[in-house]
Amino acid sequence: MQTNDELWQGALEDFAEEFIQKFYPEIYRRLDRSKPIEFLDKVLAQLHPDSEDGKRIVDKLMKVYLKKEKEPKFIYIHSEVQGYGEKKYSKRNFIYFYRLFDRFDDNIATITILTDANPTYKPFEYRYENYGTKLIYEFPIYKVLEQDPAKLAASKNLFDIILLTTYWAVKRKRKAITEENMLDLKIELMRQLLERKVSKVKIRRLLVFINGYLRFEKPNNALIFEKKYDELLNHDKKMGIEEIAKKIARREGLQEGRQEGRQEGLQEGLALARKQMKNIVMNMLSDGFPAERIVGIINLSPPEVEAMIKEIEKERHL
C-alpha cells in the first residue's frame, strides 16, 4: 500500500491540469496544451531545504507553458503538501522560494496545501527585521480542514475529489467521524466517481488515491469495502477460469451442436476466460493490489496469478 506522501506525489502529477484549474484559474485559461507540463524533480532535489525534523517533503515543481498572447511564455508552479505542524515552516518556505527565485527569476507561483488536523496551524508569512533591514514574505495556503465538503463533492474538478478524500481523512484523524462513517463516505465517493464521464485511467488513479488514503483499522470494514469495490467495478472475483469459460461458451452458443463442437466451444471459452481474468489481474495491479491479495480475492492459484503477472510485465515492456 502506498503511503500518503506517495499518493500525494502521484496526485500532483497525474492531475496537474486539474490542480492548476483549481488554484490558478487565470494560468489554466492561458495553458498552451501543445506543450506538456514539465515536472522538474531533479531541480527540486538540488534546491530542497531540510525540514526541521528531517521528514520527507511532499512537493512538485511544474514548468507550465502559456499561450503566446502576452508575457510570460511560461511559469514555474511550486506546490507543497504539509501534513503536520512545523514551527519553522514559514522560514523554510521562504528559503525554498528564494532558491527558486535565484534560479528562475520572477516567473514563480507557490501554494501550500495544509492537510494537518490542527485548525489553528496556518503558516502564511515569514518576517525578518534586523538593523533596518526588513522583509515580509507572504505565501498562499489552502487549509483542507476549513473546506466545505458539500462544495467539494459538487465540483466538476477531479482535483476536488482528492481534496475531499483528504478532508474526510483529516476529520477521521480528529475523531470527528467514526470508522463506520468513513466506510459509508468512502463507498459514496467511489460510487460518485464511477458515475462521472471521465477517462477510465483517471478514474482508476483516483480510486487508488481514495482506497489508499482512507485506510481502515478494523479488518471487517476493509472487507466490506473490498466487496463493494468489487461490485461497483464489476470484477468477477468468485469465478475461476473454467466457470467463466462455461459461462462464455453458453452465452455465445459455443456448446451447441456435436460433441466436437462443444469441446471446441469450451476451449474457446477457456481462452476468452483466461483473457478476462488476466485483465482483472492487470486492473488490480494498477489499483495497487499485491499478488498475494489478488490470490485471496479471485479463484486462481498462486502460480496462475504469478504467470499472469509475468506476462503483463513482459507486455508492458514491449
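For clarity, every value in this text was computed on a predicted model and none was experimentally measured.

Examining the overall build of the protein chain
Consideration 1: Secondary structure assignment for the protein chain yields 14 helices and seven strands.
Consideration 2: Across the 318 residues of the protein chain, 45% fall into the buried class.
Consideration 3: Intrachain contacts of the protein chain at a sequence separation of at least 6 include 67% that bridge at least 24 residues.
Consideration 4: Working note: accessible area of the protein chain is about 17,800 Å², and carbon and sulfur atoms make up 50% of it.

Re the sheet that holds strand E4 (residues 108-114)
Consideration 1: Read across the sheet, five strands follow the order E1-E2-E3-E4-E7 without closing on themselves; strand pairing throughout is mixed. Among the strands making up the open sheet, the edge pair consists of strand E1 (38-39) and strand E7 (141-143).
Consideration 2: For strand E2 (residues 58-65) and strand E3 (residues 74-82), the ladder comprises eight bridges, and the chain directions are antiparallel. For Val-64, the partnering residue across the bridge sits in E3 and is Ile-75.

Concerning the packing of aromatic side chains
Consideration 1: Applying the stated rule across the entire model yields 20 aromatic pairs.
Consideration 2: Between Phe-216 and Phe-225 the ring centres are 6.1 Å apart and the planes differ by 50°, which places this aromatic pair in the tilted class.
Consideration 3: Linked through ring pairs, Trp-8, Phe-19, Phe-23, Tyr-24, Tyr-142, Phe-159, Phe-209 and Tyr-213 together constitute an aromatic cluster.
Consideration 4: If you follow Arg-33 out to its NZ or CZ, it ends over the ring of Tyr-28, 4.8 Å from the centre.
Consideration 5: Note that Lys-186 overlies the ring of Phe-225, its terminal NZ or CZ placed 4.3 Å from the centroid.

Some thoughts on the nonpolar core
Consideration 1: The biggest cluster of nonpolar side chains holds 63 residues, and the ones touching the most others in it are Trp-8, Phe-19, Ile-113 and Phe-159.
Consideration 2: No other element matches the eight residues that helix H7 (residues 159-173) contributes to this core.
Consideration 3: Phe-19 has contacts with Leu-12, Tyr-24, Met-62, Ile-77, Ser-79, Ile-111, Ile-113 and Phe-159, leaving out every residue within four places of it along the chain.

Thoughts on the side chain of Thr-166
Consideration 1: As for its position among the elements, Thr-166 is in helix H7.
Consideration 2: Judged by relative accessible area, which is 0%, Thr-166 ranks as buried.
Consideration 3: Contacts of Thr-166, omitting those with residues within four sequence positions, involve Trp-8, Thr-115, Val-144, Phe-209 and Tyr-213.

Topic: the environment of Glu-311
Consideration 1: Here Glu-311 shows up in helix H14 (residues 302-316).
Consideration 2: Residue classification places Glu-311 among the partly exposed positions, given a relative accessible area of 29%.
Consideration 3: Between the C-alpha atom of Glu-311 and that of Lys-278, which follows or precedes it by 33 residues, the distance is 9.0 Å.

Focus on the pairing of strand E6 (residues 133-138)
Consideration 1: For strand E5 (residues 125-130) and E6, the ladder comprises six bridges, and the chain directions are antiparallel. Of the residues in E6, the one forming a bridge with Asn-130 is Thr-133.
Consideration 2: In this structure, the hairpin formed by E5 and E6 is closed by a connection of two residues, where Tyr-131 is found at a positive phi of approximately 50°.

Here's the deal with the pattern of salt bridges
Consideration 1: Enumeration according to the criterion identifies 15 salt bridges in this entry.
Consideration 2: Asp-160 serves as the salt-bridge partner of Lys-22, at 2.9 Å between the closest nitrogen and oxygen. In this pair, Lys-22 sits in helix H2 (residues 16-23) while Asp-160 sits in helix H7, placing the two residues 138 residues apart along the sequence.
Consideration 3: The class of Lys-22 is partly exposed, set by a relative accessible area of 27%.
Consideration 4: Between Asp-116 and Lys-143 there is a salt bridge; the shortest N-O distance is 2.8 Å. A residue pair is termed long-range when its members are at least 10 positions apart, and Asp-116 in the loop between E4 and E5 and Lys-143 in strand E7 qualify at 27 residues. Judged on exposure class, the residue Asp-116 and its partner Lys-143 are both buried.
Consideration 5: Because the salt bridges share partners, they merge into one network encompassing Glu-13, Asp-41 and Lys-60.

A few points about the packing of H7 against helix H9 (residues 200-213)
When two helices pack together, their arrangement is given by the angle between the helix axes and the distance between those axes.
Consideration 1: At a minimum axis distance of 10 Å, the contact between H7 and H9 shows a crossing angle of 5°. In this view, H7 runs roughly parallel relative to H9, as classed from their interaxial angle. For the pair H7 and H9, contact is made by Ile-161, Ile-162, Thr-165, Thr-166 and Ala-169 and by Leu-206, Phe-209, Ile-210 and Tyr-213, respectively.
Consideration 2: Along the lines of polarity and charge, the residues of the contact of H7 with H9 split into seven nonpolar, two polar and no charged.

What to know about the confidence of the model for the protein chain
Consideration 1: Mean pLDDT for the protein chain: 82, with 81% of residues reaching 70 or above.
Consideration 2: Across the protein chain, the secondary-structure element scoring lowest on mean pLDDT is helix H11 (residues 241-251), at 46, and the one scoring highest is E7, at 97.
Consideration 3: Predicted confidence is poor over residues 235-262, with pLDDT under 50, and the contacts of this stretch with residues over four places away or in other chains come to 54 contacts.

Definitions and limits used
Residues numbered from 1 in each chain as written. Predicted model: local features only at pLDDT ≥ 70, side-chain atom pairs only at ≥ 80, totals over all residues. Heavy atoms only, no water. Helix = DSSP H or I, 4+ residues; strand = E, 2+ residues; numbered from the N terminus. Buried < 20%, exposed > 50% of the residue type's maximum accessible area, 1.4 Å probe, protein only. Contact = heavy atoms within 4.5 Å. Areas by Shrake-Rupley, 256 points an atom, 1.4 Å probe, with all protein chains shown as cover. Pairing = 2+ DSSP bridges. Phe/Tyr/Trp six-rings, centres within 6.5 Å; stacked < 30°, edge-to-face > 60°. Lys NZ or Arg CZ within 6 Å of the ring centre and 35° of its normal. Core = buried A, V, L, I, M, F, W, Y, C linked by side-chain atoms within 4.5 Å. Salt bridge = Lys/Arg side-chain N within 4 Å of Asp/Glu carboxyl O. Axes fitted to C-alpha atoms, helices over the stretch in contact; angles between N-to-C directions. Parallel < 35°, antiparallel > 145°, perpendicular 65-115°, else oblique. Nonpolar A, V, L, I, M, F, W, Y, C, P; charged D, E, K, R; others polar. pLDDT = per-residue confidence, 0-100.

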